[in-house]
Amino acid sequence: MQKSLPIVALLVSMLSWSVSGIAIKQALTVLPPFTMIVLRFVPSVLLMFIIGLVCRKHSLFCLQKMDLKDLPLFLLAGTCQPFLYYLLETFTFDALNSPTIAETLLSTSPLLSPIFAGILLRERVTKYNILGILISTGGVFALTLIGTTNYSIGNYWGILMAFAAVSAAVVDSIMMRKAPQKYSALSFVFYTQLISLMYFIPIWLWREGPSTILDLRFQISNFDTQIALGCVAYLTIFASVIAFILFCYALRKIGVTQANAFNNIRPAFTALWMFLFFGEHLPIGKWIGMGLIIFGLFVCQKQEKVSDS
């Protein structure tokens, strides 16, 4: 049972994040982007602070005081994600003509994870890890590209921005792994999101300002505004708190390469949500893609047999 807990945690986190894109798109129909980010992360940081105070004796949800010697690690992690990842992701979608191409490029973190983990952590990467990641990534390409007619690239800087965003996310996961075990998963997520929020707030004040939130008082009875705020509440509770804490917990248990491999299943979950609740058509090729993703994840988790010497 203990061995399966990280897998369950990863599946729950990916299931939560798979709805994030839908929620963000809906929220942005009413809210400016940085206002949405501030409305998302201020409550998430406060919520984690309260949980940490209440659950002081729980190893997963307690909140420890940060040692100053660990500040550089948290600064790097908070700079990479959410801050840099969110900015670079936005530039990627803006620069590339096809959202599908952008989603595909942003789903390549499992391909970079073994490289970063091997160089920075000396983490052992097995042939099953590599094979499973390749199979699963092939499934992602099949899932996202089959049935798409727009393959034009647009601004080629978008490709560079996509890989920079993915690199930032992988570096953040490396910092999760390197963080001293004395910090709970909640502590790591709390400090990194607090640091990111310190970057976001000045940009929000410069680009949009408090008036955007004050204006919501006059729109609160509007149905679209209520839906947008409901999406932000989902992003706060599930995507920013629950999913990040569970992902951090699982990554520290099974390693960067295996944990990041589960990012490949997010497009599959998103496709299923769109199929079940929005009636989006899924041709047979997309079902095959989802099957490859799941099969690749099983292969990635397979352990090599240790030969007797």
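Structural data are supplied above this passage.
Computed from a predicted structure; not experimentally measured.

Trainee: Is there a simple way to explain the side chain of Ser 184 in this structure?
Mentor: Structurally, Ser 184 is set in the loop between helix H8 (157-178) and helix H9 (185-207). Relative accessible area serves as the criterion here: at 3%, Ser 184 is assigned to the buried category. Engagement of the side chain of Ser 184 in a polar contact is seen with the backbone oxygen of Cys 62, the distance being 2.4 Å. Side-chain polar atoms of Ser 184 contact the side chain of Ser 187, separated by 3.0 Å. Once residues within four sequence positions are removed from consideration, Ser 184 is found in contact with Ser 59, Leu 60, Phe 61, Cys 62, Gln 64 and Arg 252.

Trainee: What is the right way to read the packing of helix H4 (residues 71-95) against H9 from this model?
Mentor: When two helices pack together, their arrangement is captured by the angle between the axes and the distance separating the axes. In contact at an axis separation of 8 Å, H4 and H9 are set at 60° when each is read in the N-to-C sense. Our classification of the angle between H4 and H9 gives oblique. Here H4 runs over H9; the crossing is right-handed. The segment H4 lies against H9, with Leu 73, Phe 74, Leu 75, Ala 77, Gly 78, Thr 79, Gln 81, Pro 82, Phe 83 and Tyr 86 engaging Ser 187, Phe 188, Tyr 191, Thr 192, Gln 193, Ile 195, Ser 196, Tyr 199, Phe 200 and Ile 203. Each residue belonging to the contact of H4 with H9 can be placed in one class, and the counts come to 13 nonpolar, 7 polar and no charged.

Trainee: Hey, could you run me through empty space enclosed by the protein in this one?
Mentor: Unoccupied space between atoms shows up once a probe the size of one water molecule is rolled over them. Taken as a whole and assessed by the stated rule, the structure comprises 1 cavity of 30 Å³ or more. Looking at the largest cavity, its volume works out to about 40 Å³. If you trace the largest cavity, you find it lined by Gln 81, Pro 82, Asp 172, Met 176, Phe 188, Val 189, Thr 192, Gln 193 and Phe 244. Taken together, the elements giving at least two residues each to the lining of the largest cavity come down to H4, H8 and H9. If you tally residues by element for the lining of the largest cavity, the top one is H9, at 4 residues. Along the lines of polarity and charge, the residues of the lining of the largest cavity split into 5 nonpolar, 3 polar and 1 charged.

Trainee: For this particular structure, what's the right way to read unusual backbone geometry?
Mentor: Most peptide bonds are trans, and most residues other than glycine sit at a negative phi. Residue Pro 82 is bonded to the preceding Gln 81 through a cis peptide linkage, with omega at 15°. For Pro 82, the location among the structural elements is in helix H4. At Arg 122, a residue that is not glycine, the phi angle is positive and equals roughly 55°. Among the secondary structure elements, Arg 122 is positioned in the loop between helix H6 (109-121) and helix H7 (127-145).

What counts as what
- Residues numbered from 1 in each chain as written.
- Predicted model: local features only at pLDDT ≥ 70, side-chain atom pairs only at ≥ 80, totals over all residues.
- Heavy atoms only, no water.
- Helix = DSSP H or I, 4+ residues; strand = E, 2+ residues; numbered from the N terminus.
- Buried < 20%, exposed > 50% of the residue type's maximum accessible area, 1.4 Å probe, protein only.
- Polar contact = N/O pair within 3.5 Å; in protein donor to acceptor, adjacent residues only side chain to side chain.
- Contact = heavy atoms within 4.5 Å.
- Axes fitted to C-alpha atoms, helices over the stretch in contact; angles between N-to-C directions.
- Parallel < 35°, antiparallel > 145°, perpendicular 65-115°, else oblique.
- Left-handed = near helix turned anticlockwise from the far one by under 90°.
- Nonpolar A, V, L, I, M, F, W, Y, C, P; charged D, E, K, R; others polar.
- 1 Å grid on protein atoms, 1.4 Å probe; cavity = no way out; pocket = protein on both sides within 12 Å on 5 of 7 lines; lining within 4 Å.
- Points joined across faces, edges and corners; volume = space filled by probe spheres on them.

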